[in-house]
Each structure stands twice: as C-alpha cells, then as structure tokens.
Amino acid sequence: MGKTIVIGSDHGGFNLKAVFIKTLEEWGYNVEDEGPDGLDSCDYPMFAAKVANKVKEDDSKLGILICGTGQGMTMTANRMGVRAALCTNEFLAEMAREHNDARILCLGERVTGQGLALAILKKFLETEFGGDRHQRRIDLIDTVSK
Ligand code: RB5
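Residues numbered from 1 in each chain as written. Predicted model: local features only at pLDDT ≥ 70, side-chain atom pairs only at ≥ 80, totals over all residues. Heavy atoms only, no water.

Some remarks on the packing of helix α2 (residues 44-57) against helix α3 (residues 71-79)
Cut-off, in case you're wondering: Where helices are involved, their axes are fitted lines through C-alpha atoms of the stretch in contact, as for all axes, and angles between N-to-C directions lie from 0 to 180°. For helices the rule is a DSSP run of H or I covering at least 4 residues; for strands it is a run of E covering at least 2, with both sets numbered from the N terminus onward. Relative orientations are named as follows: roughly parallel for angles under 35 degrees, roughly antiparallel for angles over 145 degrees, roughly perpendicular for angles from 65 to 115 degrees, and oblique for any other angle. A crossing counts as left-handed when the near helix is turned anticlockwise from the far one by less than a right angle, and as right-handed when that turn is clockwise. Residue contacts are counted whenever heavy atoms from the two residues lie within 4.5 Å of one another. Polar here means any residue other than Ala, Val, Leu, Ile, Met, Phe, Trp, Tyr, Cys and Pro, which are nonpolar, and Asp, Glu, Lys and Arg, which are charged; Gly is therefore polar.
At a closest axis distance of 9 Å, the pairing of α2 and α3 adopts a crossing angle of 45 degrees. Between α2 and α3, the angle is such that the two are oblique. In the crossing of α2 with α3, the sense of the turn from one axis to the other is right-handed. Where α2 approaches α3, its residues Tyr-44, Pro-45, Phe-47, Ala-48 and Ala-52 are matched on the opposing element by Gly-72, Met-73, Thr-76 and Ala-77. A class-by-class count of the residues in the contact of α2 with α3 yields seven nonpolar, two polar and no charged.

Structural notes on the pattern of salt bridges
To be explicit about the condition: Any carboxyl oxygen of Asp or Glu that lies within 4 Å of a side-chain nitrogen of Lys or Arg is treated as forming a salt bridge with it. Per-residue accessibility, obtained with a 1.4 Å probe over protein chains only, is compared with the maximum for each type, and a residue is labelled buried under 20%, exposed over 50%, and partly exposed between these values.
For the coordinates displayed, the defined rule picks out eight salt bridges. We note a salt bridge from Lys-54 to Glu-32, for which the minimum N-O separation is 2.9 Å. Of this pair, Lys-54 sits in helix α2 while Glu-32 is found in strand β2 (residues 30-33), placing the two residues 22 residues apart along the sequence. Looking at Lys-54, the relative accessible area reads 24%, which means it is partly exposed.

Quick notes on the packing of aromatic side chains
Applicable threshold: Pairing of aromatic side chains here covers Phe, Tyr and the six-membered ring of Trp, requires ring centres within 6.5 Å, and sorts the geometry by plane angle: under 30 degrees stacked, over 60 edge-to-face, intermediate tilted. The rule for a charge over a ring is simple: NZ of Lys or CZ of Arg within 6 Å of the ring centre, and within 35 degrees of the ring normal.
One pass over the structure, following the stated rule, counts zero aromatic pairs. Between the NZ or CZ atom of Arg-97 and the centre of the ring of Phe-124, over which it lies, the distance is 5.9 Å.

Side note on unusual backbone geometry
Look at the link from Gly-35 to Pro-36: it is a cis peptide, with omega at 5 degrees. Structurally, the position occupied by Pro-36 is in the loop between β2 and α2. A positive phi angle, near 45 degrees, is found at Asp-101, a position not held by glycine. Secondary-structure assignment places Asp-101 in the loop between α4 (90-98) and β5 (104-108). Residue class for Asp-101 comes out buried when judged on its relative accessible area of 16%. Even without being a glycine, Asp-132 presents a positive backbone phi close to 55 degrees. Among the secondary structure elements, Asp-132 is positioned in the loop between α5 (114-126) and α6 (133-144).

Written out as structure tokens, the structure is:
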C-alpha cells in the first residue's frame, strides 16, 4: 500500500478535490477523504481541522486542503500546529517541502487551474525535506511562537 494522503475541502474546492482523489489513487496513493461529500455550502475550518488532526497524529501522512482561495484552509491548519503551505506554482511546492517540511498542501480552486494544480501536487509529493539547517529553522518556529 502506498503512502496515505488525507484530503479535505469546502464547497469552493470540492471539484478539484474529486480530481485529486482520482489522480492520487491512479498514482498508487491511499486516500482518506475527510469531506465534504457534495457541493452544498459549508465552512472550511471544519474540514481543515479534520485533516490537520489526522496529519498531526500520524507522521507518515501528508494532507491536502482545497477551498476557493486556499487562504482559509492555510490559516486554520497552521493555527492548529501543522505546517501548511498555500502553493500557486511548482517552485513554491518544492520549497514548501524541501525547506519548510510542509505537511499539508493548500490550494485555491478558484485561483489555480486544474493542470497546474496537478503539477503542484506531484511536485509536493515527490519532494523530500532537506533537513539540516532547515530542521533548525523549523524548530525555531515553535520556539519563537511559545
Ligand atoms: C467560500 O466562499 C470561500 O470563502 C472559501 O472557499 C475560501 O476561499 C476561504 O478562504
């Protein structure tokens, strides 16, 4: 079984979530869908919290959160203590993993087209954390925010 990816959205990110789930399964990932189940209007913090909690309790998992802009998902997940990065291009996705060890990729369905979103997803999943000086800096995030 491949790596597990936990995914969630709100109504604004629901369609891209569906595309991501199908693609992730084709790529061999195990996907845990935290909802929603349809396009009815809903509140992004509820789904951000579900994904952030699952990623927080299992180091082997990565998360994906999609709303209209990606902003609300990013704010909520980071407030919950999980490093989440809003990415609008592949370079940001690469750096979010390599330098920041981001555990959750955030995207805006109303911002990023499907083709680019899939390229961002691929880059995020295929890039490893660089460790070393980057680990020291990540540790300092916790230190300075206590
Ligand atoms: C919903 O209309 C929209 O506010 C939400 O999807 C997201 O963009 C919030 O950050």
